[in-house]
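So you can see what is in the structure, the chains are spelled out below.
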Amino acid sequence: MTVSETVRLTKLRLEPIAKEESLQQAKLLVAAVIGAEASALSVHSWMEINDEQLRILGELIERREKGEPLQYILGEWEFMGLPFNVDERALIPRQDTELLCETALERIRNYAYRDVLDLCTGSGCVAVALQKLAGVNVTAGDISGDALELAKENAEINDAEVTFVASDMFGGIEGAFDLITCNPPYLSGKDMEQLQKEITFEPAVALYGGVDGLDAYRKIAAEYKPHLKPGGTLLMEIGSTQGESVSALFSGRTRILNDLSGNPRVLIVENI
């Protein structure tokens, strides 16, 4: 069976769970099996896929049909143009979170920030991207030992110098920083009951933010001030309906940034 035929058949199997993205997902899975870039598949369209490759592809398709996220199946994903290992130890890096990272980079440039803290670091995508792209001093904390191990792997992959700390929010953090970033768990109890199948594969500790989804923000609001330098900035990702409720927890000057879909996504808190 040729590559092009295999992509077509894989697309058909994936359509029930990813109709609009089935072709791209099919290309990514086939590319992973034959060791090529998805963008280069047309070059390999004449190539025959052997029985062993078809067997492996079949296993990957079965995992996807059961709802496992494509990113976990592939084992890697891109964030801010950088490669990251991804698996069940941490949330999958998402495009929505790039707004948090881009805003942090803008603040670093505009205010010459040097010392950065990234809380709830998960896969380390924000911490690693900021260190790699801005060359700043980055400390990253997470309550999950498994997530920290994954984040350390990603720092090594990207040759990023990040200091990792086991910490429940600010519990294990020492000192003050110019910039604090955080993508905390913010799903409510109701949200957790209505999760898409793919999201149930991700760690609940990184998703559930308490009955109303605001527990992590309350903890940050109560603890952040001693760790933020004068003139510093606190940046947090928020849920699309949480703008006003999260803003109300913080004193000082706050501002909300919307994502590409027009939904509230990042809260800026300035220590003026």
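Now for a description of the structure that goes with this document.

Rules and cut-offs
- Residues numbered from 1 in each chain as written.
- Predicted model: local features only at pLDDT ≥ 70, side-chain atom pairs only at ≥ 80, totals over all residues.
- Heavy atoms only, no water.
- Phe/Tyr/Trp six-rings, centres within 6.5 Å; stacked < 30°, edge-to-face > 60°.
- Buried < 20%, exposed > 50% of the residue type's maximum accessible area, 1.4 Å probe, protein only.
- Helix = DSSP H or I, 4+ residues; strand = E, 2+ residues; numbered from the N terminus.
- Polar contact = N/O pair within 3.5 Å; in protein donor to acceptor, adjacent residues only side chain to side chain.
- Contact = heavy atoms within 4.5 Å.

### A short note on the packing of aromatic side chains
Then, in step 1: In the structure shown here, the tally under the stated rule is three aromatic pairs.
Then, in step 2: Arranged with centres 6.2 Å apart and planes meeting at 80 degrees, the rings of Phe79 and Phe84 form a pair that is edge-to-face. Phe84 matches Phe79 in its accessibility class, with the two residues each being buried.
Then, in step 3: Where Tyr111 meets Tyr113, the ring centres are 5.6 Å apart and the plane angle is 20 degrees; that geometry is what we call stacked.
Then, in step 4: Here Tyr113 falls in the buried class, since its relative accessible area comes to 5%.

### Overview of the side chain of Glu270
Then, in step 1: Along the chain, Glu270 turns up in strand E9 (residues 264–270).
Then, in step 2: Within the structure, Glu270 has its side chain in polar contact with the side chain of Arg107 (distance 2.8 Å).
Then, in step 3: Separated by 2.4 Å, the side chains of Glu270 and Arg253 make a polar contact.
Then, in step 4: Once you skip the residues sitting within four places of it in the chain, Glu270 turns out to touch Arg107, Gly232 and Arg253.

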